[in-house]
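Tertiary structure, described
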Amino acid sequence: MKHFLQLKNFLLLFAITAFVLSCDKDDDQNTTPNQTTSTNIVETAQGNDALSSLVAALGKADENEDSNLISTLSGDGPFTVFAPTNDAFAALLADLEGFETLADFNTEEEKALLAEILKYHVVAGTATASTDLSEGQEIATVQTETVTVSLEGGVFINDSEVITPDVETSNGIVHVIDKVLVPQAVLNALNSDDLVDVVIATETLSVLEAAVIKAGLVDTLKSDGPFTVFAPTDDAFTGLLMTLGEDYSSLDDFDTEEEIALLKNILLYHVIPTKVLEADLTAGTVGTAFPENSIEIIADGETFVVGDASETNANITLTDVMATNGVAHVIDKVLLPQAALDFLATIEMMNIVETAIATDDLSLLVDALIAANAGMVDTLSGDGPFTVFAPTNHAFVNLLEILGDDYHSLTDFDTQEELDLLVKILTYHVVSGTEAFSTDLSDGQEIATVNGANVTVSLDGGVFIKDASENPAQVIIPDVDASNGVVHVIDKVLLPQEALDFVATLNMMNIVETAIATDDLSLLVDALVAANAGLVDTLSGDGPFTVFAPTNHAFVNLLEILGDDYHSLADFDTQEELDLLVKILTYHVVSGTEAFSTDLSDGQEIATVNGAKVTIGINGNGVSIKDATDDRAHVEIPDVDVSNGVVHVIDKVLLPQEALDFVATLNMMNIVETAIATDDLSLLVDALVAANAGLVDTLSGDGPFTVFAPTNHAFVNLLEILGDDYHSLTDFDTQEELDLLVKILTYHVVSGTEAFSTDLSDGQEIATVNGANVIVSLDGGVFIQDATDTDAQVIIPDVDASNGVVHVINKVLLPQEVLDILFPPTPNIVELAQSVEDLSILVDVLIQADAGLVEALSGEGPFTVFAPTNHAFENLLHSLGSSYNSIEDFDTHEERELLAKILTYHVVSGEVVSEMDITGHLRLETLHGEKIEAIEDHPIRISDKTHIDANVTAVDNIASNGIVHIIDKVLLPQEILDLLH
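Here the structure is a predicted model, which is why all the values come from computation and not from measurement. (Residues numbered from 1 in each chain as written. Predicted model: local features only at pLDDT ≥ 70, side-chain atom pairs only at ≥ 80, totals over all residues. Heavy atoms only, no water.)

A few points about the pairing of strand β10 (residues 284-287)
Cut-off, in case you're wondering: Two strands are counted as paired when DSSP detects at least two bridges linking them. Secondary structure counts use DSSP, requiring at least four H or I residues in a row for a helix and at least two E residues in a row for a strand, with both numbered from the N terminus.
Of the strand pairs in this sheet, β10 and strand β11 (residues 294-300) are connected by 4 bridges, and their pairing is antiparallel. Bridge assignment links Gly284 to a residue of β11, and that residue is Ile297. Hairpin connection between β10 and β11: a loop of 6 residues separates the two successive antiparallel strands, and Glu292 in this loop has a positive phi of roughly 65 degrees.

Below, the structure written as structure tokens:
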């Protein structure tokens with residue numbers, strides 16, 4: 001069975017090309033076509049026996065309906081045709097399995113492919129003579145791909161030689177060539193395997209396959225190319241792994257980003273980004289797909305070997321393995337670029353930390369790296385590259401001597417601050433990202449360290465490294481190579497500016513120590529101590545701080561401003577005063593910055609620890625500081641440098657707004673003083689004094705308070721309401737009356753707030769010290785509603801006091817509690833009975849009966865009750881005999897029901913019957929159900945079912961739910977009489 005355009009073997013494509021290269025030129029050169037200008041290209045070919053295969057091929061291709069090559073090449077043109085000889089076609093057919101003649105192209109697909117080959121030999125639109133051709137010229141064919149001209153040793157089109165040039169025809173020119181040109185599209189059709197497929201299909205390249213996948217180069221080597229790949233065998237990779245050592249037993253051990261990147265670069269080092277067949281190999285340097293890395297093609301007898309960056313060349317064991325996107329040549333060794341050799345070298349080399357550990361004279365450097373505990377051991381054991389300037393042990397000993405008696409060894413770096421300093425020193429010796437050997441250094445070169453600061457190289461008389469001090473370190477052992485960089489041993493610990501500053505601070509006083517040592521700042525020290533707010537400890541701490549320090553004279557001036565109560569700082573003896581002192585002192589401190597006078601600018605606002613800002617002024621007279629007053633403080637001594645900041649001595653204590661407010665309150669009267677000083681509030685003052693409940697002291701205290709202060713006239717009106725017994729406040733002379741006065745006064749005080757009239761809102765409820773609320777009304781003014789029906793009007797609002805605000809009102813406010821005392825509410829029937837001593841047994845009977853009568857007679861009513869006196873109940877008990885000595889003897893359920901029936905016989909429900917309502921004989925139905933009769937007489941009599949009437953001894957006792965008439969006999973209904981007899 002014929003297999004269309006299948007390769008005879010794996011190397012068929014290359015064989016086709018090789019055949020063209022090796023065909024016998026002499027046969028074709030002995031056949032010269034007739035040159036004429038009267039026939040067209042097709043006719044010229046038909047008239048030449050040596051081109052009969054070309055004519056036959058044109059006819060075979062045109063058997064497809066969409067092909068018209070003969071017609072086209074017989075047309076006007078002009079055309080340039082590269083015409084393969086019969087031998088060239090024979091060579092092509094010989095290498096195609098199943099194709100003995102052109103007649104075997106018998107399917108549409110095969111004919112179309114043949115047409116593609118033929119169109120690759122035709123250039124349309126020009127008749128190009130051989131003299132018009134130039135070296136390297138690329139010419140587009142009708143097939144769309146280009147052919148390339150070479151003039152070296154003849155005229156060549158691609159790899160086919162022109163054996164008869166410049167055959168002129170009526171519609172163009174023909175150049176007879178010795179090989180059939182095959183376009184890439186046809187080659188692709190002949191073989192569908194790309195370079196990756198070729199590798200996969202080759203058993204001895206399985207490790208290369210795995211490497212390509214691991215390095216992520218599959219897509220690259222499947223792309224269009226063309227590429228030439230030198231493909232190392234599995235044995236070649238085994239040799240590489242053995243070279244790398246025990247840590248590399250397979251490609252799986254390439255597991256870090258660095259290793260995978262190296263593997264990728266090694267593979268790219270095997271790729272030439274062009275197609276190079278065996279026949280194209282020439283000795284020389286060839287660039288690879290690994291940028292800036294080349295291989296050497298080296299002649300070795302009649303063949304070639306491949307040289308890499310190592311001393312061992314690779315032998316080519318198989319050539320011209322063709323693929324759709326290039327060609328592969330199998331080699332017996334993995335080619336190694338310089339990067340791979342460098343990697344091999346680092347595998348057996350110690351890193352920087354290992355080098356230091358192995359060097360006796362760098363043991364203190366190792367100790368320092370460990371003590372710093374900042375990950376530097378791990379960092380300097382990492383990939384790098386680094387350049388390290390490594391101080392000797394003697395260099396570290398010298399550093400400890402510089403630091404003083406507190407530093408005998410590196411273990412004395414035991415605070416976080418000291419450890420941070422050690423890290424800054426150590427990182428000042430490390431350059432990251434470069435491996436700078438001594439030959440790479442230049443005089444005056446500045447090198448950035450990991451610390452962030454630069455060191456400077458000096459080559460004057462040796463290699464020296466300059467730090468922030470005046471003494472450079474000398475490199476005594478340069479260029480100690482390590483796997484991750486280079487070490488230069490130096491004779492001095494390099495000190496960045498931070499370290500110099502630290503050394504300076506060891507002998508420098510802090511802010512508090514400086515103030516203590518300065519006579520004219522002794523009162524400032526006293527103030528810091530007196531404030532007792534931790535300011536001494538804070539200003540002795542790390543900082544940095546900027547402090548504006550008032551002189552003693554400045555503090556004396558402050559005490560004079562405060563008045564007679566302040567002779568010294570010891571007079572700040574209340575918590576309020578100490579809090580004020582803290583606010584004043586913190587108003588002199590700026591935290592987080594060390595601002596020297598040169599750092600200040602005119603108009604600059606600086607936030608203090610107090611929270612408020614001060615403003616800088618700078619003019620010809622110097623630097624001044626503006627506080628919340630109108631008087632500036634002037635800096636008398638600027639820029640006193642201290643270990644934790646800077647001090648500027650000033651001639652005035654700076655006062656924040658809180659201090660000004662405090663000074664203002666010193667001259668302001670409190671609420672009591674304000675009332676005393678106001679004539680129309682004299683009765684309010686008398687009331688506060690008379691109440692004798694500590695209200696004078698309270699309202700003279702801190703507050704804040706809001707007080708609604710009744711005028712004298714308001715108090716006079718109150719006395720009138722109270723009646724004839726109250727002509728003045730001195731008539732409140734019992735404890736009960738004084739307690740009442742306190743309730744009234746505290747109903748005028750709001751504690752904890754200073755509510756000005758602008759703070760009030762309509763309908764606002766305000767809780768008073770009394771516990772009851774007052775309500776604000778803003779309808780036509782400011783009014784205060786109490787528990788009465790008459791509001792108090794604010795007639796003088798917003799009288800400011802040192803401890804609050806006073807609103808003068810035209811009425812004494814009365815809470816409900818006071819109204820209830822002054823005008824007690826009418827009791828209900830039960831409450832009325834409880835309040836009358838001679839009705840106590842009646843109350844007991846109501847309770848003993850346990851029939852809900854207490855609740856009923858406490859309810860809404862109305863009721864009319866005829867209430868027997870205690871004597872009446874005693875007579876009843878006497879009449880009942882010796883078994884009933886007291887109401888408690890009614891202790892059975894039956895006896896309690898008897899009591900209930902007696903009691904309900906005394907109650908008329910639903911109406912109030914007063915003395916005026918009783919005329920003649922008035923019959924009244926009771927709750928019991930039986931009726932009683934009220935008889936108009938003097939006194940009124942109440943007739944029950946006995947023969948003895950009850951006399952009403954007290955008529956018309958009004959209750960909230962009815963009326964009570966007190967009688968001298970217990971009324972007995974017929975039911976009870978029947979039970980008793």
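Notes on the pairing of strand β42 (residues 962-967)
Consecutive side chains of a regular strand alternate in pointing toward one face of the sheet and then the other. Worth spelling out the cut-off: Partly exposed residues are those whose accessible area sits between 20% and 50% of the maximum for their type, while under 20% is buried and over 50% is exposed, using a 1.4 Å probe and protein chains only.
In terms of burial, β42 is a largely internal element, 6 of the 6 residues being buried. Across the two faces of β42 the burial is the same, with Gly962, Val964 and Ile966 and Ile963, His965 and Ile967 all buried. Relative to β42, strand β41 (residues 950-959) runs antiparallel, the two sharing 5 bridges. Within β42, the position partnered with Val952 by the bridge is Ile967. Joining the antiparallel neighbours β41 and β42 is a turn of 2 residues.

Considerations on the packing of helix α16 (residues 363-372) against helix α18 (residues 393-403)
This is how it is decided: Lines fitted to C-alpha atoms define the axes, with helix axes restricted to the stretch in contact, and inter-axis angles between N-to-C directions lie between 0 and 180 degrees. The labels follow the angle: roughly parallel below 35 degrees, roughly antiparallel above 145, roughly perpendicular from 65 to 115, and oblique for the rest. We call two residues contacting when some pair of their heavy atoms lies within 4.5 Å. Side-chain classes are defined by residue name, with Ala, Val, Leu, Ile, Met, Phe, Trp, Tyr, Cys and Pro counting as nonpolar, Asp, Glu, Lys and Arg as charged, and the others, Gly among them, as polar.
For the pair α16 and α18, the least separation of the axes is 7 Å and the interaxial angle reads 60 degrees. Judged by the inter-axis angle, α16 sits oblique to α18. Mapping the contact onto sequence places Ser363, Leu364, Leu365 and Ala368 in α16 and Asn393, Phe396 and Val397 in α18. Within the contact of α16 with α18, the residues separate by chemical class into 5 nonpolar, 2 polar and no charged.

A word on the UniProt feature "domain: FAS1" (unreviewed entry) in the protein chain
Our working rule: UniProt positions are given in the numbering used here, feature names are shortened, and annotations may be inferred rather than shown by experiment.
The feature "domain: FAS1" (unreviewed entry), as annotated in UniProt, sits at residues 38-181, 192-335, 349-494, 508-654, 668-813 and 826-971 in this numbering. Between the C-alpha atoms that bound residues 826-971 there is a distance of 27 Å. The span itself is 31% helix and 26% strand.

A closer look at the side chain of Lys492
Stated formally: Any pair of N or O atoms that falls within 3.5 Å is considered a polar contact. Within protein, one atom must be able to donate a hydrogen and the other to accept it, and sequence-neighbouring residues count only if both atoms are side-chain atoms.
Positionally, Lys492 belongs in the loop between β21 (485-490) and α20 (497-506). Under the relative-accessibility criterion, Lys492 is labelled buried at 17%. A polar atom in the side chain of Lys492 sits 2.4 Å from the side chain of Asp467. There is a polar contact of 3.3 Å between the side chain of Lys492 and the backbone oxygen of Asn471. If we skip the residues at most four places from it in the chain, Lys492 touches Pro391, Ala395, His429, Asp467, Ser469, Asn471, Pro472 and Ala473.

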